[in-house]
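In case you want the letters, here they are:
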Amino acid sequence: MNYRNYLFLLFLAVALGAAAKAPKYIFLYIGDGMGMGPVMAAQNYNRNVLGNDKPLNMMQFPVVGWSQTWSANSDITDSAAAGTALSTGHKTRNSMLGMNADTVAVTSVAKILHDKGYGVAVATSVAPDDATPGAFYTHVPNRSMFYEIGRDMAECGYEFVAGAGLRGTMTDGKPNDLLDRFAAAGVQIVRGLQGIGEIDSKRVLLLGSEGSPVHNIGYTIDSIAGALTMPMITEAALAQLERTSPRKFFMMIEGGNIDHALHGNDAGASIKEIINFDQALGVAFDFYRQHPDETLIIVTADHDTGGMAIVKQRGGKGGLANIDYQKVSKEEFSNYCKALLKSRNIYKWEDMKEYLADNLGFFTRIPVSEADEAKLRKLFDDTFEQRNTADQKTLYANFNAFAVAVFDMFNEAAGIAFCTTSHSGNVVPVFAIGPGSDALKGFNNNIDIPAAILRAVGVK
């Protein structure tokens, strides 16, 4: 090699090294339960029903890969073990948070970056003391230790945490000192949409409005007036970090309601949740466009839930376009049915047919054959008159038997099938963009994701 070529290659190496800057702004989006089946269903809905020429935001990212999700003690992970793998780079046993399989505390990427001066936000559409968000700040042997998880949340020092509600504020039916711990740590607790405008502290906990459910902020498909949404929460998190930590920050945004809907085998609700999650991703994508050389965005899932697949709709009944006739989630409809049973008021089949037409498009938009109507009518009588049907039990809800049959029929009309109401061992997608994202091309393990983040910022 002559001297001139050597100098050229040396100059090129230096230039490439200079171009590969460490990202200052890191966004990790986790769609809980969001396997490739749900993603493709949402994309098909986005293209064929909404008529969008552009694919989902996540599908516009140049880096695409897969991730294995098995835990230290099972091929089928739970969210605690998967969250710990995604946050710390350590496999652990199901139900454990922030600890390795030997019950030794391990440090999350959020904590490592926070100690190096990054602002940190952890936000979710479910409870902020749930498994996935908790994995980024707590160390407990069981995900149900809500008081201890809440205590670690108060003490973590992060600038922003958000979710539906806290579940560890009572001990033996009496208020404990958890809220006092947040106050002592200088955490401003704000609630609902109004609370976003009241943020003025360095540390903030954003929760749902007073009296709203603590387990999730509500399904997008239920159109709950005044409820928080993932795009709103994400915008609030970004605004807080731009105010308190403008030089560099890390955000973890979880679409937890995706998993809740998939556990319930609610195709319409899960698709609308993924669309909503992708809109929240749009907040980071817009930020990336302003800072393309300094921003890393990673999108993945902790595991697949439901084994969801796109299939041929039965009888050619409209496919995914039927999703727009669904006005209530399966959980909300089940609660409606349970309230009818509890009231003991007379409720006729004609009344139910009207409800199904108004809220699911049955009999009007979605044809119901005589055989299917007879099947529903019999189950209606068994459930509401004979009262001899059993609920379907899933991780987050028990569904009225009539609601289960109705939504099984709706899923068939939409062309969606499920193989379980639990998690599966399927691989999940990885989408990424920005400096350091190339490390995630191809076949990954979930523990590779935090490792890739740390490498990108120069932390071994």
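Look a little higher up for the structure.
Residues numbered from 1 in each chain as written. Predicted model: local features only at pLDDT ≥ 70, side-chain atom pairs only at ≥ 80, totals over all residues. Heavy atoms only, no water.

Draft legend 1. Structural detail: the overall build of the protein chain. Within the protein chain one finds 16 helices and 18 strands. With the C-alpha coordinates of the protein chain rotated into their principal frame, the extents come out at 90 × 60 × 45 Å. The burial tally for the protein chain puts 56% of its 460 residues in the buried class. Taking the contacts inside the protein chain whose residues are at least 6 apart along the sequence as the reference set, 75% of them involve residues at least 24 apart. Approximately 19,100 Å² of the protein chain is accessible, and the part contributed by carbon and sulfur atoms is 51%. Placing the 41 positive and 49 negative side-chain charges of the protein chain at their respective mean positions leaves the two points 4 Å apart. (Helix = DSSP H or I, 4+ residues; strand = E, 2+ residues; numbered from the N terminus. Buried < 20%, exposed > 50% of the residue type's maximum accessible area, 1.4 Å probe, protein only. Contact = heavy atoms within 4.5 Å. Areas by Shrake-Rupley, 256 points an atom, 1.4 Å probe, with all protein chains shown as cover. Lys, Arg positive; Asp, Glu negative; His and termini not counted. Charge placed at Lys NZ, Arg CZ, Asp CG, Glu CD.)

Draft legend 2. Spatial organisation of the packing of aromatic side chains. For the structure shown, the criterion picks out 25 aromatic pairs. Ring geometry for phenylalanine 380 and phenylalanine 384: centres 4.8 Å apart, planes at 35°, overall tilted. Taken together, the residues phenylalanine 380 and phenylalanine 384, both in helix α14 (residues 370-386) and four residues apart, mark about one turn of the helix. With relative accessibility at 1%, the residue phenylalanine 380 sits in the buried group. When its relative accessible area of 9% is taken as the criterion, phenylalanine 384 is described as buried. (Phe/Tyr/Trp six-rings, centres within 6.5 Å; stacked < 30°, edge-to-face > 60°.)

Draft legend 3. Summary view of helix α6 (residues 146-155). Residues of α6 that are buried: Ile149, Gly150, Asp152, Met153 and Ala154. Those residues of α6 that are buried lie in contact with β4 (160-162), α7 (178-184), β7 (187-191) and β8 (203-207).

Draft legend 4. The arrangement of the layout of surface pockets in detail. Reported here for the largest pocket is a volume of approximately 280 Å³. Lining the largest pocket are 21 residues; nearest its centre among them are Pro213, Asn216, Ile217, Gly218 and Ile224. Here the element with the most residues in the lining of the largest pocket is helix α12 (residues 330-343); it accounts for three residues. Split by residue class, the lining of the largest pocket holds eight nonpolar, ten polar and three charged. (1 Å grid on protein atoms, 1.4 Å probe; cavity = no way out; pocket = protein on both sides within 12 Å on 5 of 7 lines; lining within 4 Å. Points joined across faces, edges and corners; volume = space filled by probe spheres on them. Nonpolar A, V, L, I, M, F, W, Y, C, P; charged D, E, K, R; others polar.)

Draft legend 5. Up close: the sheet that holds strand β1 (residues 25-31). Taking strand neighbours across the sheet as the criterion, the ten strands line up as β7-β8-β4-β3-β9-β1-β10-β17-β2-β18 in an open arrangement whose pairing is mixed. This sheet does not close on itself; its edge strands, each paired only once, are β7 and β18 (442-445). Strand-to-strand twist of the sheet, defined as the mean angle between neighbouring strand axes without regard to direction, takes the value 15°. Summarising the sheet, strand β3 (residues 119-124) and β4 pair through three bridges and their orientation is parallel. (Pairing = 2+ DSSP bridges. Axes fitted to C-alpha atoms, helices over the stretch in contact; angles between N-to-C directions.)

Draft legend 6. The pairing of strand β9 (residues 249-255), seen in detail. Counting buried positions over the seven residues of β9 gives seven, a clear majority of the element. Taking every second residue as pointing to the same face, both faces of β9 are buried, with Phe249, Met251, Ile253 and Gly255 on one and Phe250, Met252 and Glu254 on the other. As paired elements, β1 and β9 share seven bridges and run parallel to each other. Across the sheet, the residue bridging to phenylalanine 27 is methionine 251, located in β9.

Draft legend 7. Just the side chain of histidine 263, in detail. Within the secondary structure, histidine 263 is located in helix α10 (residues 256-263). Polar side-chain contacts of histidine 263 include one of 3.2 Å to the side chain of histidine 423. (Polar contact = N/O pair within 3.5 Å; in protein donor to acceptor, adjacent residues only side chain to side chain.)

Draft legend 8. Layout of helix α2 (residues 36-49). In this model, α2 (14 residues) spans 19 Å end to end at C-alpha, consistent with the 20 Å of a helix rising 1.5 Å per residue. Contacts made by the buried residues of α2 are with α10, α11 (267-290), β11 (304-305), β12 (309-310), β15 (416-417) and β17 (428-433). Looking at the residues trailing α2, positive phi occurs at glycine 51, about 75°. (Expected span 1.5 Å × (residues − 1).)

Draft legend 9. Representation of the nonpolar core. Residues Phe160, Phe333, Met352 and Phe402 are the most contacted members of the largest nonpolar core, which totals 82 residues. The leading source of residues in this core is α11, at twelve residues. Residues contacting phenylalanine 333, with those up to four places away along its chain left out, are Val328, Met352, Tyr355, Leu356, Phe402, Ala403, Val406 and Phe407. Core analysis: the second largest hydrophobic core is formed by 44 residues, Ala131, Tyr137, Ile149 and Ala154 among them. (Core = buried A, V, L, I, M, F, W, Y, C linked by side-chain atoms within 4.5 Å.)

Draft legend 10. Highlighting the pattern of salt bridges. Following the criterion strictly, the structure yields 18 salt bridges and no others. Residue arginine 167 is joined to aspartate 129 by a salt bridge in which the shortest nitrogen-to-oxygen separation is 2.9 Å. Residue arginine 167 is found in the loop between β4 and β5 (170-171), and its partner aspartate 129 is found in the loop between β3 and α5 (131-134); the two are separated by 38 residues along the sequence. With a relative accessible area of 27%, arginine 167 lands in the partly exposed category. Look at aspartate 129 and you get buried, because its relative accessible area is 0%. (Salt bridge = Lys/Arg side-chain N within 4 Å of Asp/Glu carboxyl O.)

Draft legend 11. Layout of the pairing of β17. For β17, the tally of buried residues reaches six of six residues, placing the bulk of the element in the interior. As defined by bridge partners, strand β2 (residues 63-68) adjoins β17 across five bridges and the pair is classed as antiparallel. Looking across to β17, one finds that glycine 65 is bridged to valine 430. Bridging between strand β10 (residues 295-300) and β17 involves three bridges; their strand directions are antiparallel. Following the sheet pairing, isoleucine 298 is matched in β17 by alanine 432.

Scope: geometric values only; no functional claims are made or implied.
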